[in-house]
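# A structural walkthrough
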Amino acid sequence: MTHLFPHTSSKWLGLALGFILVFLSFISSIVFGQTPISFGTALDALLHFDKDSTEHIIIATTRISRAVIAAVIGASLAIAGALLQALTRNPLASSDIFGINAGAVFFVVAAISFFSVSSLTHYMWIAFLGGGVATVMVYFLGTLGRDSLSPIKIVLAGAAITALFVALTQGLLVINQQNLEGVLFWLAGSVAGRTLDMLEPILPFMLVGWVIALLLGYPINILTSGEDVAKGLGQRTILVKTLMAVVVVFLAGGSVAVGGAIGFIGLIIPHIVRGLVGMDYRWIIPYCALFGASLLLLADVVARFIIMPQEMPIGVMTAIIGTPFFIYIARRGVNKG
Amino acid sequence: MSKYILFRNRSDSVSFQYEKKTMTVLTVLVILSLLLFLAGLSTGSEMIHPITIIKHLLGIGSGEYTFIIEILRLPRMIIAFMAGAALGVSGLILQGIIRNPLGSPDIIGITGGASFAAVVFITYFAGEVSIHWIPLAAITGAGIIAVLIYFLAWKKGVSPIRLVLVGIGMQAAMSSMITMMLVFGNDYSTPQAYVWLTGSVYGAHWEHVYSMLPWVLILIPLALFFSKTANAQELGDQVALGLGVRVQFHRFSLLFLSVALAGSAVAFAGGMGFVGLIAPHIARRLVGRSFGSLVLVSALIGGLIVFLADVVARTFFLPLDLPAGVFVSGIGAPFFIYLLYRNRHL
């Protein structure tokens, strides 16, 4: 497979460029918006915060938290997507297509409706649970019958599970309409209006997830050369696969708890990254983190401008970017990695 | 006595072969539907004795229940039944085309397209244009998305796999567009749109019945007409070609039928999920795999599912009248998983 950075040195360079890209996206996320803020003011706000300046307050209360959350979610979703694609050997895999996001959403909505849960820490655990349940169900459905885990089967199983959870969520929201408004905006996927304390309980899990994903890079390389080969080389494939699935659930579930249903990041980014660095997962994972973060940051910036003065929910933005991409891969054929 | 009953015209251009078992199943289902219809007519916030209803229907009743029976309950039940039947057949056809038991109009984006169009309509035009135009909007939406899916999946012909994958992508896009419309909608349109999305036959009246009836009466027999080629398609493209089926043409026609059926159902009953998935599965368990028998049985089963869900939705939580879709998916979804598990070796 041809890719852009064939040598190790150029890969390091690419990684450095990735960091710069994230930094630039982060800055633009702070600077651009309904109230434009100059770069100097932004820097000023970070260094000497002034309580009386409106701009400083905007930066401190909304822009920074928004940018951090977008970056964390973007990175997590992209890594989750890369792991899922490796795990299922399916180029169309991503947590939203597989119903993991929908499962997390349903469990959270159910918890709000039935148990009046309102603390974010609880949301988080419930979202993890929902994501886990959905993963197990999709895996189970996708492996039933002959030619288990064929790409088409598992995508359909994911779509069916998504339909299931979406239908159930809709049912709950219709019965309990006073929750509808608030939940809807969260459902649409958004990184706005969230404070950093919302991220706090989840961040440790995500960080652990990232680290495990990075460490899994080499085992995944072996696993993708075929299950039999991996076993022959002495790999405990069950352990590696379980770890991958657990990391996916934590990353995707955590992202849903904070940002709602943001789709397609986990689908697009791993493909772009493979075009850059090839099939080596030791590189794919960190690249995914950087590019996922940048993409979501930039999508969030664009979402502020596209229908001024309202803001487009970011989940819609990523869907607009992601659908053509999904269809392109679907047309190219799922059997090519 | 043979195991089969043959229907054939002189030139053999139309020919059906039914197993006796199928006839038994069909008869039982029809009788069951009639009985349940009677039960459905008599239950509600005001209970009416079944005998009174029979009398009323025969035209010898006292006329005191005319309003409840003829205006409130009957059209609603008929719409529910027809929508379910249409969705059942639509799902059956799709499962045949894509050769996978997980096909259904709500998974490959057709319902999504219809829903998006309807939600746009409710959000932007509901105040100015009569709400009766929703069905037209929904059918148009379903049609546009179906055409889009078909062309995007086209690459020297349409393969089932590409069709499904492109459809799933479309469904994902549609669902986020729908969410966007809901978020931008106002306090009045959003809950209304949401109820519609869940699927509801509340407030159906005879006008709806008359406009939906032709769709069902034309499309379901057409599906029967195409059942021979559908049987062949299930065996794979090569085999079907060898049997003289014009695969691409028939795939297009069947897809068209499926979209039109789903579109008309969604138009009148909203985004009712899972009927298209479950009904064909139950039908297959009852009568095997011959497409011709499956069409009728799926239609009856689909109809019964939505019909029963609606009866439950309007009676169990009195005085609340919930959208039937909640129960269709609430009961349908777990049942669907069970069915998949049972049929795992098919």
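Residues numbered from 1 in each chain as written. Chains lettered and ligands numbered in written order. Predicted model: local features only at pLDDT ≥ 70, side-chain atom pairs only at ≥ 80, totals over all residues.

## Focus: the overall build of chain B
Tallying secondary structure elements over chain B gives 14 helices and 2 strands in all. Rg of the C-alpha trace for chain B: 20 Å, near the compact-globule value of 20 Å for 346 residues, within the 12% margin. By principal-axis analysis of the C-alpha atoms, chain B measures approximately 60 × 60 × 40 Å. Classification of the 346 residues of chain B by burial places 54% in the buried group. A separation threshold of at least 6 residues defines the contact pool for chain B, and within that pool the share at least 24 residues apart is 74%. (Helix = DSSP H or I, 4+ residues; strand = E, 2+ residues; numbered from the N terminus. Rg over C-alpha atoms; globule rule 2.2 N^0.38 Å. Buried ≥ 20, exposed ≤ 12 C-beta atoms within 10 Å, placed from the backbone. Contact = placed C-beta atoms within 7 Å.)

## Looking at the overall build of chain A
Looking only at helices and strands, chain A has 14 helices and 0 strands in total. The order of α-helices and β-strands along chain A, N terminus first, is α-α-α-α-α-α-α-α-α-α-α-α-α-α. Over its C-alpha atoms chain A spans a radius of gyration of 20 Å, differing by no more than 12% from the 20 Å that the globule rule assigns to 337 residues. A principal-axis box enclosing the C-alpha atoms of chain A has dimensions of 65 × 55 × 35 Å. Residues classed as buried in chain A amount to 53% of the 337 residues present. Of all intrachain contacts in chain A linking residues separated by at least 6 positions in sequence, the fraction that spans at least 24 positions is 77%.

## Some details on helix α9 (residues 203-224) of chain A
All names here are of chain A. At Gly217, α9 shows its largest bend, some 50°, and a proline, Pro219, comes one to four positions later. In this structure, the buried side of α9 is in contact with α3 (54-88), α10 (227-232), α11 (237-259) and α13 (281-305). One or two positions beyond α9, positive phi appears at Gly226, with a value near 120°. (Bend = angle between axes of the 7 residues up to and from the residue.)

## Describing the packing of helix α2 (residues 39-47) of chain A against α3 of chain A
Residues and elements named next belong to chain A. Two numbers describe how α2 lies on α3: the axes approach to 9 Å, and their chain directions differ by 70°. Judged by the angle between their axes, α2 and α3 are roughly perpendicular. Facing Thr41, Ala42 and Ala45 of α2, the residues of α3 in contact are Glu55, His56, Ile59 and Ala60. Residues that form the contact of α2 with α3 fall into these classes: 4 nonpolar, 2 polar and 1 charged. (Axes fitted to C-alpha atoms, helices over the stretch in contact; angles between N-to-C directions. Parallel < 35°, antiparallel > 145°, perpendicular 65-115°, else oblique. Nonpolar A, V, L, I, M, F, W, Y, C, P; charged D, E, K, R; others polar.)

## What about the interface of chain A and chain B?
Facing the 40 residues of chain A at the interface are 41 residues of chain B. Sorting the residues of the side of chain A that touches chain B by element identifies α6 (151-175), α7 (180-187) and α14 (314-332) of chain A as the ones contributing at least two each. No other element matches the 16 residues that α6 of chain A contributes to the side of chain A that touches chain B.

## Re the nonpolar core
Formed by 234 residues in total, the largest nonpolar core has its most connected members in Ile79, Leu83 and Cys288 of chain A together with Ala83 and Val306 of chain B. If one sorts the elements of this core by residue count, helix α3 (residues 66-98) of chain B sits on top with 18 residues. Ignoring any residue separated from it by four or fewer positions in sequence, one finds Val306 of chain B in contact with Ala80, Phe81, Ala83, Gly84, Ala269, Met272, Val275, Ala324 and Val328 of chain B. (Core = buried A, V, L, I, M, F, W, Y, C linked by C-beta atoms within 7 Å.)

## Some details on the packing of α3 of chain A against α13 of chain A
All names here are of chain A. Where α3 meets α13, the axes come as close as 7 Å, and the angle between the chain directions of the two elements is 140°. Taken together, the axes of α3 and α13 lie oblique to each other. You can see that α3 and α13 cross each other, and the crossing is right-handed. Touching Arg66, Ala67, Ala70, Ala71, Ile73, Gly74, Ala75, Leu77, Ala78, Ile79, Ala82 and Ala86 of α3 are Tyr281, Ile284, Ile285, Cys288, Ala289, Phe291, Gly292, Ala293, Leu295, Leu296, Leu297 and Asp300, all from α13. Counted by class, the contact of α3 with α13 contains 20 nonpolar, 2 polar and 2 charged residues. (Left-handed = near helix turned anticlockwise from the far one by under 90°.)

## Here's the deal with unusual backbone geometry
Residues and elements named next belong to chain A. Backbone geometry places Arg89, a non-glycine residue, at a positive phi of 45°. Its 18 C-beta neighbours within 10 Å are what place Arg89 among the partly exposed residues. Positioned with a positive phi, Phe264 is a non-glycine residue whose angle comes to about 75°. Accessibility expressed as a C-beta count within 10 Å gives 28 for Phe264, which makes it buried.

## Things to note about helix α13 (residues 291-315) of chain B
With 25 residues, α13 of chain B extends 36 Å from end C-alpha to end C-alpha; this agrees with the ideal 36 Å at 1.5 Å per step. The buried fraction of α13 of chain B amounts to 23 of the 25 residues, a majority that puts the element mostly inside the structure. (Expected span 1.5 Å × (residues − 1).)

## Some details on the environment of Gly112 of chain B
Residue and element names in this part refer to chain B. Residue position: Gly112 is located in helix α4 (residues 110-124). Take Gly112: there are 27 C-beta atoms within 10 Å of it, and that puts it in the buried class. Distance in space between the C-alpha atoms of Gly112 and Pro319 is 31 Å, their sequence separation being 207 residues. With sequence-adjacent residues up to four places away left out, Gly112 is seen in contact with Ile145, Met170, Gln171, Met174 and Ser175.

Purely spatial values, then, with no claim about function.
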